[in-house]
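Residue strings, one per chain:
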Amino acid sequence: MVSAGDFKNGLTVEIEGNIYQILEFQHVKPGKGAAFVRTKMKNIINGGVVEKTFRPTEKFEQAHIDRKEMQYLYSDSDLFYFMDVETYDQIAVNAETVGDSLKFVKENDNVKVISYQGSVFSIEPPITVELDIIETEPGFKGDTAQGATKPAIVETGAQVMVPLFVEQGDKLKIDTRTGEYLSRV
């Protein structure tokens, strides 16, 4: 059990049957009345952010979230298969849970599978990935004075906006959080 007075950023707690991660907290001691803790929390299952206030003495059950390094094997219709790199156990995760998190991940790449009480609720790709461009338009010299971009399709099928000098066959470094081109490799 953890009391609201002991909240820290990143702590996960169970409140009213939902699992929340503390994003921000603030201990408030008004001149008049009792102190309270103002929090901004993210529901880790559905991603919603809520702001709530608690008395510092309120107690909540701490939720233990498992982050496990797993290898993405393949997808079969609406199931995605992952293998534990230590035990070689395989699990299947439905497409609704995976969402867009694998759009920059190739088969056999490692990802973090995040679960609560054995139930997977999120997939975390690596922060940066290196992918080959399979399709893009040629860029022409003198097209622009500064910073123009063009669409490119990478080997996972995702579209990325790249500078004009990038050509088909180049290998790119991409930030998976934003989907932005970082550099050529």
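1. Re the overall build of the protein
Consideration 1: Looking only at helices and strands, the protein has one helix and 16 strands in total.
Consideration 2: Principal axes of the C-alpha set define a box for the protein whose edges measure 70 × 50 × 25 Å.
Consideration 3: In the protein, which comprises 185 residues, the proportion classed as buried is 34%.
Consideration 4: Taking contacts inside the protein between residues at least 6 apart in sequence as the whole, the part at least 24 apart equals 40%.
Consideration 5: Of the roughly 11,400 Å² of accessible surface on the protein, 45% is carried by carbon and sulfur atoms.

2. Things to note about the nonpolar core
Consideration 1: Of all hydrophobic cores here, the largest spans 13 residues; its most connected members are F104, V160, V162, L172 and I174.
Consideration 2: Of all the secondary-structure elements, those providing two or more residues to this core are strand 12 (128-136), strand 13 (149-154), strand 14 (159-163) and strand 15 (171-175).
Consideration 3: Top element by residues in this core is strand 12. It accounts for three residues.
Consideration 4: Residue contacts for V162: discarding those within four places in its chain leaves A148, T149, K150, A152, L172 and Y181.
Consideration 5: Counting 12 residues, the second largest nonpolar core, distinct from the first, contains F7, I22, M41 and F60.

3. A closer look at the packing of aromatic side chains
One pair of aromatic rings is described through two measures. These are the centre distance and the angle between the planes.
Consideration 1: All told, the structure shown has six aromatic pairs when counted by the stated rule.
Consideration 2: Taken together, a centroid distance of 5.0 Å and an interplanar angle of 70 degrees make the contact between F54 and F60 edge-to-face. An identical accessibility class is assigned to F54 and F60; each is buried.
Consideration 3: Through pairs of rings, three or more aromatic residues link up here, namely F7, F54 and F60.

4. Here's the deal with the sheet that holds strand 8 (residues 79-84)
Consideration 1: One open sheet accounts for five strands, arranged 9-8-7-10-11; its pairing is antiparallel. For this open sheet the edge positions go to strand 9 (90-94) and strand 11 (119-124), each flanked by a neighbour on one side alone. Neighbour to neighbour, the strand axes of the sheet diverge by 45 degrees on average, direction disregarded.
Consideration 2: By the bridge criterion, five bridges tie strand 8 to strand 9 in an arrangement that is antiparallel. The residue of strand 9 that forms the bridge with M83 is Q90.

5. A few points about the side chain of Q71
Consideration 1: Relative to the helices and strands, Q71 resides in strand 7 (residues 65-76).
Consideration 2: Among the polar contacts made by the side chain of Q71, one reaches the main-chain carbonyl oxygen of N108 at a distance of 3.1 Å.
Consideration 3: If sequence neighbours within four positions are ignored, Q71 has contacts with Y81, F82, M83, V85, N108, D109 and N110.

6. Remarks on the pairing of strand 14
Consideration 1: Both strand 13 and strand 14 contribute to a ladder of five bridges, which runs antiparallel. If you follow T149 over to strand 14, its bridge partner there is P163.

7. Details of the confidence of the model for the protein
In low-pLDDT segments, the atomic positions of the prediction should not be examined closely.
Consideration 1: For the protein, mean pLDDT is 86; residues scoring 70 or higher make up 96% of the total.
Consideration 2: When pLDDT is averaged over each element of the protein, strand 5 (residues 49-54) comes out on top at 91 and helix 1 (residues 95-98) at the bottom at 81.

8. Let's talk about the sheet that holds strand 1 (residues 2-3)
Consideration 1: With respect to topology, six strands assemble into an open sheet ordered 1-6-2-3-4-5, the strand pairing being antiparallel. Edge positions in the sheet fall to strand 1 and strand 5, since each has one partner strand and no second.
Consideration 2: As paired elements, strand 4 (residues 36-43) and strand 5 share six bridges and run antiparallel to each other. Bridge pairing in strand 5 places R38 opposite T53.

Conventions and cut-offs
Residues numbered from 1 in each chain as written. Predicted model: local features only at pLDDT ≥ 70, side-chain atom pairs only at ≥ 80, totals over all residues. Heavy atoms only, no water. Helix = DSSP H or I, 4+ residues; strand = E, 2+ residues; numbered from the N terminus. Buried < 20%, exposed > 50% of the residue type's maximum accessible area, 1.4 Å probe, protein only. Contact = heavy atoms within 4.5 Å. Areas by Shrake-Rupley, 256 points an atom, 1.4 Å probe, with all protein chains shown as cover. Core = buried A, V, L, I, M, F, W, Y, C linked by side-chain atoms within 4.5 Å. Phe/Tyr/Trp six-rings, centres within 6.5 Å; stacked < 30°, edge-to-face > 60°. Pairing = 2+ DSSP bridges. Axes fitted to C-alpha atoms, helices over the stretch in contact; angles between N-to-C directions. Polar contact = N/O pair within 3.5 Å; in protein donor to acceptor, adjacent residues only side chain to side chain. pLDDT = per-residue confidence, 0-100.

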